[in-house]
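Observations on the model geometry
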Amino acid sequence: MRMGTRWDAGSEPPASVPAVLRDTIAAIERDLPPGTPRPSWTLTWLEGRPVVELDTGVLVTVDAHSGRPVVRHDPDDEFG
C-alpha cells in the first residue's frame, strides 16, 4: 500500500511524487494567479497509479498506455 501526501503549491513536491509528474505540476503552478493564496496538492494512488489533485480541481494522472502525464479538471469540484 502506498500512502498519499499533501503539500502547498509553489513548494517542492515530496519525494513520493513521481518524476514524470513534476514538470506538469510546475507548469500548472506557473499559471496560478499571482497574489492569491496558494492551494494545496494531494497525492493519492489509484490501482497503483499516482493521482495528483490541486484544491482547484485540476487532476494530473499518468496515462496507462503512454506513461505521459494527463491533465484534466474535475467538473464536480466546488472551486471550478
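All values reported here derive from a predicted model rather than from experimental measurement.

**As for the overall build of the protein chain**
Counting its secondary structure elements, the protein chain contains one helix and five strands. In terms of C-alpha radius of gyration, the protein chain reaches 12 Å, essentially the compact-globule figure of 12 Å for 80 residues. Each principal axis of the C-alpha distribution contributes one length, and for the protein chain these read about 35 × 25 × 20 Å. Put simply, the protein chain has 80 residues, and 32% of those count as buried. Restricting the contact set of the protein chain to residue pairs at least 6 apart, pairs at least 24 apart contribute 39%. Put simply, the protein chain shows about 5,300 Å² of open surface, and 52% of that area lies on carbon and sulfur atoms. Distance between charge centres in the protein chain, computed from 8 positive and 13 negative side chains, equals 7 Å.

**Regarding helix H1 (residues 19-30)**
Its twelve residues give H1 an end-to-end C-alpha distance of 18 Å, which sits within 8% of 16 Å, the value for a rise of 1.5 Å per residue. Those residues of H1 that sit buried are Leu21, Thr24, Ile25, Ile28 and Glu29. One side of H1 carries all its buried residues, which in axial view fall inside an arc of 140 degrees. Residues Ala19, Asp23 and Arg30 are exposed on H1 and point more than 90 degrees away from its buried face. Looking at the buried positions of H1, the neighbouring elements they touch are strand S1 (5-8), strand S2 (40-46), strand S3 (49-54), strand S4 (58-62) and strand S5 (69-73).

**Examining the side chain of threonine 24**
Residue placement: threonine 24 occurs in helix H1. Those residues in contact with threonine 24 that lie beyond four places of it in its chain are Val60, Pro69 and Val71.

**Some details on the sheet that holds S1**
Overall, antiparallel pairing links the five strands, which are arranged S1-S2-S3-S4-S5 in an open sheet. The outermost strands of the open sheet, each flanked by one partner alone, are S1 and S5. Across this sheet, the average inter-strand angle for adjacent strands is 20 degrees, counted without regard to direction. Seen against the sheet, H1 touches S1, S2, S3, S4 and S5 and runs at an angle of roughly 160 degrees to S4.

**Focus: the nonpolar core**
Within the largest apolar cluster, 14 residues are counted, with the highest numbers of intra-cluster contacts made by Trp7, Leu21, Ile25, Trp41, Val52, Leu54 and Val60. Ignoring any residue separated from it by four or fewer positions in sequence, one finds leucine 54 in contact with Ala9, Ile28, Leu32, Pro39, Ser40 and Trp41.

Rules used in this analysis
Residues numbered from 1 in each chain as written. Predicted model: local features only at pLDDT ≥ 70, side-chain atom pairs only at ≥ 80, totals over all residues. Heavy atoms only, no water. Helix = DSSP H or I, 4+ residues; strand = E, 2+ residues; numbered from the N terminus. Rg over C-alpha atoms; globule rule 2.2 N^0.38 Å. Buried < 20%, exposed > 50% of the residue type's maximum accessible area, 1.4 Å probe, protein only. Contact = heavy atoms within 4.5 Å. Areas by Shrake-Rupley, 256 points an atom, 1.4 Å probe, with all protein chains shown as cover. Lys, Arg positive; Asp, Glu negative; His and termini not counted. Charge placed at Lys NZ, Arg CZ, Asp CG, Glu CD. Expected span 1.5 Å × (residues − 1). Arc of directions from axis to C-beta. Pairing = 2+ DSSP bridges. Axes fitted to C-alpha atoms, helices over the stretch in contact; angles between N-to-C directions. Core = buried A, V, L, I, M, F, W, Y, C linked by side-chain atoms within 4.5 Å.

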